[in-house]
Amino acid sequence: MIRTEALTKIYGTGEGSVNALNHADIQIESGELTAIIGRSGSGKSTLLNLLGCLDTATSGRIFYDDTEITSLNDTGAADFRLNHIGFVFQFFDLLPELTAAENILLPARLAGKTPENYQSIVEALGIADRIDHYPSQLSGGQQQRAAIARALINDPDVILCDEPTGNLDEKSGEEVMEMLLKMNREQGKTILIVTHDPEIAAKCHRIIEIRDGEVKI
Ligand code: ADP
Ligand code: MG
């Protein structure tokens, strides 16, 4: 279970400061598939980055079960992220100088883990014959599937996706969504998907809407 208490993020100080997330209280059960929707600039990425230990809150708390991740130091937060959370970004964020295989295996290397599930993951994502290619040699859909494989390599319980189909053509976007739905259905992964797309939101169990930093459940 993921729970936030009065989670708040203010960027900057003084007159130019932006209250991107304002006392958000949300609760997400294990195995849930949740869409996070809202206009551009409403605070969706801010929420996801805080949940994913990619940024620190101004105030408020985040719990993963009994672990309060907002109380962890930088190293603790990085370790927690590496072992418990997979992140999928709109622009894939693969390292260009590494092959797909090296990108996918990087989180396992960083965590000092032997990835037993590597072959089954790349096969399930349909990129087994592309893993020696560099990102620039892959289509957008293949890059995003490699990014999903990277998110899965340490077998996280939670996958956070920030507009995962936002930079893909319709068909590749549908394929990527199918894969995320399947991971939720078959492996019980807890998945949060930030999206603008009502069709994607409709496929989720639950929708959380954010308006100007305020969560509307
Ligand atoms: P969304 O993902 O819903 O489009 P964001 O969470 O990226 O929205 O942004 C929420 C608000 O915070 C916006 O007003 C945005 O301009 C502002 N913001 C986001 N990141 C930063 C930052 N690093 N510095 C200053 N303001 C930011
Ligand atoms: Mg965003």
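Up top you'll find the structure we're talking about.
Residues numbered from 1 in each chain as written. Chains lettered and ligands numbered in written order. Predicted model: local features only at pLDDT ≥ 70, side-chain atom pairs only at ≥ 80, totals over all residues. Heavy atoms only, no water.

Taken together, Tyr11, Val18, Ala20, Arg39, Ser40, Gly41, Ser42, Gly43, Lys44, Ser45 and Thr46 make up the full set of residues adjacent to ligand 1. Gly43 is positioned with one of its backbone polar atoms (N or O) 3.0 Å from an oxygen atom of ligand 1. A distance of 2.8 Å separates an oxygen atom of ligand 1 from a polar side-chain atom of Ser45. Put simply, the parts of the chain that give the shell around ligand 1 at least two residues each are β2 (18–24) and α1 (44–51). Looking at side-chain class alone, the shell around ligand 1 contains three nonpolar, six polar and two charged residues. (Near = heavy atom within 4 Å. Polar contact = N/O pair within 3.5 Å; in protein donor to acceptor, adjacent residues only side chain to side chain. Helix = DSSP H or I, 4+ residues; strand = E, 2+ residues; numbered from the N terminus. Nonpolar A, V, L, I, M, F, W, Y, C, P; charged D, E, K, R; others polar.)

Throughout the structure, instances matching the rule amount to 10 salt bridges. Arg3 is paired through a salt bridge with Glu5; the nearest N and O atoms lie 2.8 Å apart. Judged by its relative accessible area of 27%, Glu5 is partly exposed. With a shortest N-O distance of 3.2 Å, Arg61 and Glu68 are connected by a salt bridge. Within this structure, Arg3, Glu5, Arg61 and Glu68 form a network of salt bridges that share partners. (Salt bridge = Lys/Arg side-chain N within 4 Å of Asp/Glu carboxyl O. Buried < 20%, exposed > 50% of the residue type's maximum accessible area, 1.4 Å probe, protein only.)

Scope: geometric values only; no functional claims are made or implied.
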